[in-house]
Amino acid sequence: MKKLFTVFVTLALVLGLAACGSGKEEEDLSGSVPPEASVQAAEEKSTEGENTEGTQPSSDVQEENGLETDEEPSLGDPEGGEVKALVVYFSATGNTKAVAQTLAGLQEADIYEIVPQEPYSEEDLNYSDSTTRATAEQNDPDARPAIQGGITNFEQYEIVYVGYPIWWGDMPRILYTFFDTYDFSGKTIAPFCTSGGSGLSGTPGTIAELESGATVLEGLAVSGSGADSAQSSVEKWLGDIGQD
Ligand SMILES: Cc1cc2nc3c(=O)[nH]c(=O)nc-3n(C[C@H](O)[C@H](O)[C@H](O)COP(=O)(O)O)c2cc1C
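Because the structure is a prediction, the values reported are computed rather than measured.

Scoring rules and cut-offs
- All residue numbers refer to positions counted from 1 along the written sequence of the respective chain.
- Owing to the predicted nature of the model, reporting of local features is limited to residues with pLDDT of at least 70; listing and counting of side-chain atom pairs is limited to 80 or more, with chain, interface and lining totals taken over all residues.
- Calculation of side-chain values draws on the structure's entire complement of heavy atoms; hydrogens and water are dropped beforehand.
- Put simply, a nonpolar core is a bunch of buried Ala, Val, Leu, Ile, Met, Phe, Trp, Tyr and Cys residues held in one set by side-chain atoms that sit within 4.5 Å of each other.
- Burial here depends on accessible area, computed with a 1.4 Å probe over protein chains only, as a share of the maximum for the residue type. Under 20% is buried, over 50% is exposed, and the range in between is partly exposed.
- By definition, any uninterrupted DSSP run of H or I lasting at least four residues is a helix, any uninterrupted run of E lasting at least two residues is a strand, and each is numbered from the N terminus.
- Whether two residues touch is decided by their heavy atoms; if any such pair falls within 4.5 Å, the residues are in contact.
- The near set for a molecule or strand comprises every residue that places at least one heavy atom within 4 Å of it.
- Within 3.5 Å is the distance limit for a polar contact, defined as a pair of N or O atoms, with the added protein rule that one can donate a hydrogen and the other accept it, and that residues adjacent in sequence qualify only through two side-chain atoms.
- Reported accessibility uses the Shrake-Rupley method at a 1.4 Å probe radius. Residues are deemed covered only where the shown protein chains occlude them.
- Points on a 1 Å grid over protein atoms alone make up a cavity when a 1.4 Å probe fits among them but cannot get out, and a pocket when they form an open set with protein on both sides within 12 Å along at least five of seven lines; lining residues each have an atom within 4 Å of a point.
- Whether a molecule lies in a cavity or pocket depends on its atoms, and more than half of them have to be within 2 Å of the grid points.
- Throughout, the ten residues Ala, Val, Leu, Ile, Met, Phe, Trp, Tyr, Cys and Pro are labelled nonpolar, Asp, Glu, Lys and Arg are labelled charged, and all others, Gly among them, are labelled polar.
- To estimate how far a helix should extend, the number of its residues minus one is multiplied by 1.5 Å.
- One speaks of a salt bridge when a side-chain nitrogen belonging to Lys or Arg is within 4 Å of a carboxyl oxygen belonging to Asp or Glu.

1. Observations regarding the nonpolar core
Consideration 1: Ranked by size, the top nonpolar core spans 31 residues in total, and within it L175 and F178 carry the most contacts.
Consideration 2: Elements with a contribution of two residues or more to this core: β1 (85-89), β3 (159-165), α5 (173-181) and β4 (188-195).
Consideration 3: At five residues, α5 tops the list of elements feeding residues into this core.
Consideration 4: Each residue touching F178, except ones within four places of it in the same chain, is listed here: V88, Y112, I114, I147, I151, V162 and F184.
Consideration 5: Formed by 23 residues, the second largest nonpolar core is a distinct cluster that contains A109, I111, I159 and W237.

As structure tokens, this is what we get:
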């Protein structure tokens with residue numbers, strides 16, 4: 001009986017150990033990771049391509065404001081260094097945006113759209129009525145329409161191309177908000193505009209007054225109707241201002 005009991009206990013131990021061994025194997029094959037490791041991986045993933053405010057690499061032209069994080073190399077620079085050129089634009093009906101995208105592509109620049117906190121409706125832009133919003137703002141030198149989001153790492157840019165439509169012979173007031181917001185000391189500004197025919201209307205001079213610490217280059221004027229096919233004008237201008 002004692003012998004039978006010893007055999008039974010030995011058998012039970014052997015079977016028990018075999019069961020433990022197969023459990024461990026299953027655990028290893030399941031590929032599970034320690035909890036800390038998965039948290040870290042999740043955090044890394046969540047910061048990847050996080051673009052919530054500010055500039056956007058040129059290869060991914062934005063529809064809305066986006067942010068380039070500190071860690072990520074800019075896609076505009078294959079070497080992974082800092083991009084030195086930024087294209088900033090405001091566009092209410094898409095003409096200036098088209099020129100800005102052409103320019104950012106040619107210069108491998110980052111791109112940032114000035115997006116109004118309160119978007120302009122079609123009625124706001126109706127310049128045949130002097131009481132509508134855009135015209136009322138242009139008639140008020142102190143109007144400073146608010147901008148959504150902002151540019152991070154603005155200091156990294158050496159040259160900033162700034163594009164806008166001409167409104168009543170001037171930059172839209174939201175450009176004044178923009179120039180009030182950032183310090184351009186030591187930077188180069190290259191202005192470009194689209195218009196119904198007025199051209200730059202002296203706006204580079206206005207920008208030079210607003211940003212006395214910056215170098216303001218000769219501007220480019222494109223007609224609104226030619227904005228989609230402006231590449232050759234943009235290339236010529238870049239050559240003229242020594243940025244080709
Ligand atoms: C309120 C307002 C005022 C404008 N004033 C002028 C003007 O003074 N001279 C001109 O040539 N075009 C004028 N335009 C036409 C725009 O400059 C032109 O359509 C421009 O290409 C629009 O650019 P966007 O599509 O990027 O907004 C005006 C347009 C608006 C909405």
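Let's pick the thread back up.
2. Points about the site of the ligand
Consideration 1: Around the ligand, the structure places 20 residues, and the nearest of them are S91, T93, T96, I166 and S198.
Consideration 2: T194 places a side-chain nitrogen or oxygen 2.7 Å from an oxygen atom of the ligand.
Consideration 3: A distance of 2.6 Å is found between a nitrogen atom of the ligand and a side-chain nitrogen or oxygen belonging to S198.
Consideration 4: Contact with the protein chains covers 86% of the free accessible surface of the ligand, which is 640 Å².
Consideration 5: In a pocket analysis with a 2 Å cut-off to the grid points, the ligand is assigned to the largest pocket.
Consideration 6: Tallied by class, the residues present in the shell around the ligand amount to eight nonpolar, twelve polar and no charged.

3. Considerations on helix α3 (residues 95-107)
Given 3.6 residues to a turn, an α-helix orients residues that are three or four positions apart in the same direction.
Consideration 1: With 13 residues, α3 should cover 18 Å at 1.5 Å per step; its first-to-last C-alpha distance of 19 Å lies within 8% of that length.
Consideration 2: Listing the buried residues of α3 in full gives T96, K97, A98, V99, A100, T102, L103 and A104.
Consideration 3: In this structure, the buried residues of α3 make contact with β1, β2 (110-113), β3, β4, β6 (220-223) and α7 (231-240).
Consideration 4: Directly beyond the C-terminal end of α3, a positive phi value near 50 degrees is found at E108.

4. Quick word on the pattern of salt bridges
Pairing between side chains of opposite charge can happen when their charged atoms approach one another.
Consideration 1: A complete count under the given rule lists six salt bridges for this structure.
Consideration 2: R133 is paired through a salt bridge with D124; the nearest N and O atoms lie 3.4 Å apart. This pair shows no difference in class: R133 is buried, exactly as D124 is.
Consideration 3: The residue R173 makes a salt bridge to D170 at a minimum N-O spacing of 4.0 Å.

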